[in-house]
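# Structural overview for review
Take a look at the letters that make up each chain.
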Amino acid sequence: MPTKKNHVRTSLESPHTREISALRSIRSGTALVTGSYDSSICFWNFTNNRTINFQSTHEDEVNAVDLNHSETLAYSVSDDGQIICWNLPRLLTGVNPTTGKPPTSAPYNASPYIHASINLPSMRAHRSVMSVAAAGNDSVVLFGEGHREPDVLVCRAKSLKVMCALKGHVRGCVAGLAVSHGGELAASSSLDCEVHWWDVEKERLLAKFEGHKEWVTAVAMDRYATSCVSGSNDEMVLSWDPRARKCVNSLHCSAAVRSLSLCPLNERLLAIGTALDVSLVDIRMWRAAAPLAHAVNVSTVQLSPCGQFAFMGLEDGGVQVAPVGIDKTWRFETLKRREVGLR
C-alpha cells in the first residue's frame, strides 16, 4: 500500500464565510453546488473558478444539497425547516431569466430560480431538515428530519408534495440518507446508532443494521441498492449486505467520519472524509489506499462523476480540489505536489 499522500491541486475562491456543510458536482464535472452554515448556497464553474450564482434565500444553516439525475433540479435544506427545489439550468447559466442579463450583484434575486419550496414548520411539528437524497429516476426525493421526531419524508421530485413519512428512528436527527436509482429502497441513519433499510414504495422498514457505537453520520449506497456503507463518530466505516442483512466489512478511520461519497460512475471507489484527512477505498476488494489529501478540518467530500477529482468542503468555508490517480491494480499514484495558496 502506498504511504505517500496525494496533495491538493487547487483551492477554489469560495464566497462562503462559514463551514461547507454539503457539496455536489454535476456529471460533466464542470460545475459545483455547495451549501454552507452561513445560510447560503453557491453554484460555480469549476473549470475557471468563477461563481455562477450565489443564493442566501435560506434563513438558517444549510445542512444538505443534492441534484436530481437529469440535473434539471437542485435541492437545498436548512435548519429552519425550509426545503427549496431550484431550477438548475437557470442557475448555471448565470443569467436572470426575467431580465435576460447577468446578475450584477450577489446574492442574486432568488425568485426566478426557485421551482418549488415548502416550509415544514407550517406543516408539521418539526423544525430542521438535515439531509436530502434524490432518486435517480427523478420520481421522488427524500428528506431527513430532526430533532423532535427523526422521520424520513418522501416527496415528489418536482412539486415537493409530501407522499409519506418513514418512521423508525428514535433519537436525534436523520443525518445520513441514501436512495436507490429507482427510488424503491433507501437507507437512513441517526443518533440512535442504527442504519435503517427501507422499502419506500410500501413505506416499510425492512431491516435495522446495528454495529456502530456512536452517531451514524453518513450513509451511501450503489444505484441498485446491492451494497450499503455507513460511517460514524466511532471512527468506523461498515459495509453492509442488504440482502443478507449483515455487516460484511469494516474499516477503522483516523477520526470520526463526517461524510461518505461513492463515485457515481464507478461505484467501486469510496471517499471517506474525516476531520483529519480524506481516504479512498475500493469497496469491492475492501482495500484502502493512501490518504488523498492532508487537508485538515474537512467537513464534507464529494467525488467527481468519473472519480478523477475529489472536492473537499472545509470548516473555514473554503473548497479544495485534489486529483485522484488510479492505475489498473487500484493502487493510487503518488502525484507531484503543487503548492497553492489557501484562502
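So, a few notes on the structure that sits alongside this text. (Residues numbered from 1 in each chain as written. Predicted model: local features only at pLDDT ≥ 70, side-chain atom pairs only at ≥ 80, totals over all residues. Heavy atoms only, no water.)

## So, the pattern of salt bridges
Defined as follows: In what follows, salt bridge is the name for a side-chain nitrogen of Lys or Arg lying within 4 Å of a carboxyl oxygen of Asp or Glu. Numbering of helices and strands runs from the N terminus, with a helix taken as a DSSP run of H or I at least four residues long and a strand as a DSSP run of E at least two residues long. With a 1.4 Å probe rolled over the protein chains alone, any residue whose accessible area is under 20% of its type maximum counts as buried; one over 50% counts as exposed, and the rest are partly exposed.
Within the structure shown, the criterion is met by six salt bridges. The partner of Glu61 in a salt bridge is Arg18, and the shortest N-O contact between them spans 3.0 Å. Placement of Glu61 in the loop between strand S5 (50–55) and strand S6 (62–67) and of Arg18 in the loop between strand S1 (10–12) and strand S2 (20–25) is noted, with a sequence separation of 43 residues between them. Arg18 gets classed as partly exposed once you look at its relative accessible area, which sits at 40%. Arg258 is the partner of Glu19 in a salt bridge, and the nearest nitrogen-oxygen pair spans 3.0 Å. A residue pair is termed long-range when its members are at least 10 positions apart, and Glu19 in the loop between S1 and S2 and Arg258 in strand S22 (residues 257–262) qualify at 239 residues. Several salt bridges converge on common partners, so that one network encompasses Glu19, Arg258 and Glu315.

## With respect to the packing of aromatic side chains
To be explicit about the condition: Paired rings are identified among Phe, Tyr and Trp, the last through its six-membered ring, by centres lying within 6.5 Å, and are further divided according to the angle between planes into stacked (under 30 degrees), edge-to-face (over 60) and tilted (the rest).
As enumerated under the stated definition, the model contains four aromatic pairs in all. Aromatic side chains Tyr75 and Phe143 sit 6.3 Å apart centroid to centroid with 75 degrees between the ring planes, which places their arrangement in the edge-to-face category. Of this pair, Tyr75 sits in strand S7 (residues 73–78) while Phe143 is found in strand S11 (residues 140–146), placing the two residues 68 residues apart along the sequence. Taking 5.0 Å as the distance between ring centres and 10 degrees as the angle between the ring planes, the aromatic pair formed by Phe209 and Trp240 counts as stacked. You can see Phe209 sitting in strand S17 (residues 204–210) and its partner Trp240 sitting in strand S20 (residues 236–241), a full 31 residues away along the chain.

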